Amino acid sequence: MRVLKMGVLFGGLAAAGVWLFAQDAATSASKTPVFKSRVDLVVLSFTVTDNKGKYVNGLKPADFRIMEDGIKEKLATFSEGNRPAMQILDDGTLKPSVPPEPTDGERVATVPVPGISGDFVGTNVFVLFDTSNFMYHGFVYAEDAIADFVRGLDKSDSVAVYTFSRNLSRAASLTNDRNDAIFGLRKSVAGDDTALYNGLLLTLRDAAKVPGRKVVIVFSNGPDNASMVAPDDVRAVAEDEGIPIYVISTNDVNKDPISSNVFKRIATRTGGKAYWAKTWQKQVEAFEAIREDLGNSYTVTYYPAPNPNEGFRKIDIQIVSDTGKHYRVRSRPGYRPRSY
């Protein structure tokens, strides 16, 4: 889902002029403009852990109840980890929603799902690498940690590498070729000021155009001194688009509490996590934790039931079994439908 309010972040004055013109025209015609909202397929990724923080695997669609503003939703597809999405039939059984690879010339029957294609296999990973002057001392080590992470991604995953200082550079477009992604990463050059939230917004806009499951991983030293957009505005875009943000900060959490609190808020509200990793070893461990998180998450899709709420819609993921009462679900809290 694309959130049209992103345009406001860059074109407030122009939008205001258009709105005033529309208002004058509507007044002269004695008509009131009507704005409608529409929600397309909702992609919802989440993790389930027990009271010891260990991942809970093997749950089935029947184990979950997805509520949106208190309204129960009918799930369209279900997948665990990096497995392909499966269609959920009316009787609760699962069918492949994308054609599997044929074997021995045989054709395997599948049930098509509207809005679901082969793009719902694996995860589209967008890595946003801070190359500003704050990163000078750890630049090479950071590249090595990112390269190791890219090599270790599941074969079904795609990856893009973006870099930023004052401006954003798309070092490697979304690809399944790990060598292409790492080659783009190695071409990175150190920059000057840090416009982290500008770069993050542009990355989210690119990710929002890609079907299927996607995440953004921000690798940064922390302080932002050049962005034109507010971090909570960027966070709202990720929340509405259903794109979890993982943050790895090389800064000391206690030396920059403002950036640290912002990172925590962005990650938590989008269903991701924030890590503080000053050393190369800690950075490698953080990437490994993210890779493990991706491999142990659940992803469901659904077309929302009729809902008059055109503002923020709260999502509640419930586990219906008695054992599930002790489980913890981590996900985005909701989203706003896009308006027209």
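Here, residues in each chain are numbered from 1, in the same order as that chain's written sequence. With the structure being a predicted model, the display of local features is reserved for residues of pLDDT at least 70 and the display and counting of side-chain atom pairs for 80 or more, all residues being used for whole-chain, interface and lining totals. Water and hydrogen atoms were dropped before computing side-chain values, which therefore reflect all heavy atoms in the structure.

### Let's talk about the overall build of the protein chain
Selection rule: For helices the rule is a DSSP run of H or I covering at least 4 residues; for strands it is a run of E covering at least 2, with both sets numbered from the N terminus onward. Computed with a 1.4 Å probe, the accessible areas rest on the Shrake-Rupley method; for each residue, only the protein chains presented here act as cover.
Helix and strand content of the protein chain: 7 helices and 18 strands. Working note: accessible area of the protein chain is about 16800 Å², and carbon and sulfur atoms make up 54% of it.

### Describing helix 4 (residues 196–208)
Here is the rule we go by: Every helix has an expected span of 1.5 Å times one less than the residues it contains. Relative accessibility under 20% of the residue-type maximum defines a buried residue, over 50% an exposed one, and the middle range a partly exposed one, all with a 1.4 Å probe and only protein chains included.
The end-to-end C-alpha distance of helix 4, which contains 13 residues, comes to 18 Å, matching closely the 18 Å that a straight helix rising 1.5 Å per residue would cover. Across the 13 residues that make up helix 4, a large majority, 11, are buried.

### Let's talk about the sheet that holds strand 9 (residues 158–164)
Cut-off, in case you're wondering: Here, any two strands with at least 2 DSSP bridges between them count as paired. Lines fitted to C-alpha atoms define the axes here, with helix axes fitted over just the stretch in contact, and angles between the N-to-C directions of these axes take values from 0 to 180 degrees. The contact definition used throughout considers only heavy atoms, calling two residues in contact when any of these lie within 4.5 Å.
In space, the 6 strands of this open sheet follow the order 10-9-8-11-12-13, with mixed pairing throughout. Of all strands in the sheet, those with a lone pairing partner are strand 10 (168–175) and strand 13 (274–276), marking the two edges. If you compare each strand with its neighbour and ignore which way they point, the axes differ by 15° on average. Along the sheet, helix 3 (residues 178–186) contacts strand 8 (124–130), strand 9 and strand 10; its crossing angle with strand 10, the most-contacted strand, is approximately 170°. Taken strand by strand, helix 4 contacts strand 8, strand 9, strand 10, strand 11 (214–220) and strand 12 (245–249), and its axis lies near 160° from that of strand 11.

### Structural notes on the confidence of the model for the protein chain
Selection criterion: Every residue is assigned a pLDDT by the predictor, reflecting its confidence on a scale from 0 to 100.
For the protein chain, the mean per-residue pLDDT works out to 83, and 80% of the residues sit at or above 70. pLDDT under 50 marks residues 1–37. Its contacts with residues more than four places away, or in other chains, come to 42 contacts. Here residues 102–117 scores under 50 on pLDDT; set against residues more than four positions off or in separate chains, the count is 22 contacts.

### Focus on the packing of aromatic side chains
So the rule is basically this: Any Phe, Tyr or Trp ring, taking Trp's six-membered ring, that has another such ring centre within 6.5 Å forms a pair; planes under 30 degrees apart are called stacked, those over 60 apart edge-to-face, and the others tilted. Whether a charge sits over a ring depends on NZ of Lys or CZ of Arg being within 6 Å of the ring centre and within 35 degrees of the ring normal.
A full pass over the atoms with the stated rule returns 9 aromatic pairs. Geometrically, the ring pair formed by Phe129 and Phe219 is edge-to-face, given 5.9 Å between the ring centres and 75° between the ring planes. Taken together, the residues span a long stretch of sequence, with Phe129 in strand 8 and Phe219 in strand 11 at a distance of 90 residues. As far as the burial class goes, Phe129 and Phe219 line up, both buried. Members of the aromatic cluster, each reached through a chain of ring pairs, are Phe46, Phe64, Phe78 and Tyr298. Geometry around Tyr162 places Arg170 over its ring, the cationic atom sitting 5.6 Å from the centre.

### What to know about the pairing of strand 8
Burial runs high along strand 8: 7 of the 7 residues are buried. Alternating positions in strand 8 separate into two faces, Asn124, Phe126, Leu128 and Asp130 on one and Val125, Val127 and Phe129 on the other, with burial throughout. In this sheet, strand 11 lies alongside strand 8 in parallel orientation, the contact comprising 6 bridges. The residue of strand 11 that forms the bridge with Phe126 is Val216.

### Concerning empty space enclosed by the protein
Rules: Definitions used for this entry: grid spacing 1 Å over protein atoms alone; cavity, a set of points where a 1.4 Å probe fits but cannot get out; pocket, an open set with protein on both sides within 12 Å along at least 5 of 7 lines; lining residue, one with an atom within 4 Å of a point. Grid points are joined across faces, edges and corners, and a volume is the space filled by probe spheres set on the points. Amino acid classes used here: Ala, Val, Leu, Ile, Met, Phe, Trp, Tyr, Cys and Pro are nonpolar; Asp, Glu, Lys and Arg are charged; the rest, including Gly, are polar.
In the structure shown here, the tally under the stated rule is 3 cavities of 30 Å³ or more. Estimates place the volume of the largest cavity at around 90 Å³. Counting residues per element, the ones that place at least two in the lining of the largest cavity are strand 2 (42–49) and helix 7 (280–295). The residue makeup of the lining of the largest cavity, split by class, is 5 nonpolar, 5 polar and 3 charged.

### Section: the side chain of Thr301
Short version of the rule: Here a polar contact is taken to be a pair of N or O atoms separated by no more than 3.5 Å, where protein atoms must pair a possible hydrogen donor with a possible acceptor and residues adjacent in sequence count only if both atoms sit in side chains.
As for its placement among the helices and strands, Thr301 is situated in strand 14 (residues 297–302). When its relative accessible area of 0% is taken as the criterion, Thr301 is described as buried. A polar contact is formed between the side chain of Thr301 and the side chain of Thr77, at a distance of 2.5 Å.

### Some words on the environment of Ala85
As for its position among the elements, Ala85 is in the loop between strand 5 (75–80) and strand 6 (86–88). Sequence separation of Ala85 and Pro96 is 11 residues, and the distance between their C-alpha atoms is 6.9 Å.

### A few points about unusual backbone geometry
Its identity as a non-glycine residue notwithstanding, Asp69 has a phi of 55°, on the positive side. Looking at Asp69, the relative accessible area reads 32%, which means it is partly exposed.

### Quick look at the nonpolar core
Where a protein is soluble and globular, its nonpolar side chains tend to be buried together. Condition: Buried Ala, Val, Leu, Ile, Met, Phe, Trp, Tyr and Cys residues form a nonpolar core when they are joined through side-chain atoms within 4.5 Å.
Ranked by size, the top nonpolar core spans 30 residues in total, and within it Val125 and Phe149 carry the most contacts. At 7 residues, helix 2 (residues 139–151) tops the list of elements feeding residues into this core. Residues in contact with Phe149, not counting those within four places in the same chain, are Val125, Val127, Ile217, Phe287, Ile290 and Arg291. Core analysis: the next-biggest nonpolar cluster, separate from the first, contains 25 residues, Ala160, Phe164, Tyr197 and Leu201 among them.

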